Amino acid sequence: MAIKRTTADDAFSLCVRERANWTCERCGKHYPDAAAVGRSRSLDCSHMVGRGNWSVRLDPWNAFCHCYGCHSVFGADGAYQKEHYIEIHGSGAYELLMERKESTALGREARKSVKEIAKHYRGEFARMRELRMEGEMGRIEFKGYY
């Protein structure tokens, strides 16, 4: 059963892709056409903990920008995905993410706040795009809703 995408998912996904400058965080392939327009069908917002877990579904620490091929590799190999996560963020961040995913209260709150979360991430995306237009290169972090 497919998980329904929300407006918050869409806005969050754009932030994840912009943060990585429209470049796959595994293979390093850059998508300049996508970067120019701020949209891409070639790059995915890839989650460490699946989108079914609302506690971390829209958490910047839970997402990567991956091309379709790399996203498929991680979907098929959870141990490799964990290794990739720890390589990029460290084991402490991984442990914190695993703790946070258990927060049912946070998950309930996130489900109720989809419109506000979407608005927050649309604002973050606009801020990040403005930084790009001013010449900012590389990774641009964005603030999570929680």
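Residues numbered from 1 in each chain as written. Predicted model: local features only at pLDDT ≥ 70, side-chain atom pairs only at ≥ 80, totals over all residues. Heavy atoms only, no water.

Quick notes on helix α6 (residues 104–112)
Because each turn of an α-helix spans 3.6 residues, side chains separated by three or four positions end up pointing in the same direction. All of the buried residues in α6 are L106, G107 and A110. Looking straight down α6, one finds that the buried residues subtend no more than 100 degrees of arc, so they occupy a single side. Exposed and facing more than 90 degrees away from the buried side of α6 are T104, R111 and K112. Buried residues in α6 make contact with α5 (91–100) and α7 (114–133). (Buried < 20%, exposed > 50% of the residue type's maximum accessible area, 1.4 Å probe, protein only. Helix = DSSP H or I, 4+ residues; strand = E, 2+ residues; numbered from the N terminus. Arc of directions from axis to C-beta. Contact = heavy atoms within 4.5 Å.)

A short note on unusual backbone geometry
Positive phi is not limited to glycine here, since N21 has a value of about 55 degrees. With respect to the element layout, N21 can be found in the loop between α1 (7–19) and α2 (32–37). With a phi angle near 55 degrees, W22 is a residue other than glycine that sits in the positive phi range. Within the fold, W22 resides in the loop between α1 and α2.

What to know about the environment of N53
Here N53 is to be found in the loop between β1 (43–47) and β2 (63–67). In this structure the C-alpha to C-alpha distance between N53 and A126, which are 73 residues apart in sequence, comes to 26 Å. A polar contact of 3.1 Å, which involves the side chain of N53, links it to the backbone oxygen of K101. (Polar contact = N/O pair within 3.5 Å; in protein donor to acceptor, adjacent residues only side chain to side chain.)

Details of the packing of α6 against α7
Helix packing for two helices is described by the angle between their axes and how far apart those axes are. It is at 5 Å that the axes of α6 and α7 come closest, and there the two elements cross at 80 degrees. Looking at the two axes, α6 sits roughly perpendicular to α7. Where α6 abuts α7, its residues A110, R111 and K112 lie against V114, E116 and I117. Of the residues belonging to the contact of α6 with α7, the class tally is 3 nonpolar, no polar and 3 charged. (Axes fitted to C-alpha atoms, helices over the stretch in contact; angles between N-to-C directions. Parallel < 35°, antiparallel > 145°, perpendicular 65-115°, else oblique. Nonpolar A, V, L, I, M, F, W, Y, C, P; charged D, E, K, R; others polar.)

What about the pairing of β1?
Within β1, 5 of the 5 residues are buried, leaving the element largely enclosed by the surrounding structure. Of the two faces of β1, the one holding L43, C45 and H47 and the one holding D44 and S46 are both buried throughout. Two strands pair when backbone bridges link them, and β1 and β2 are joined in this way by 5 bridges, in the antiparallel orientation. Residue H47 lies in a different strand from β2, and its bridge partner there is A63. (Pairing = 2+ DSSP bridges.)

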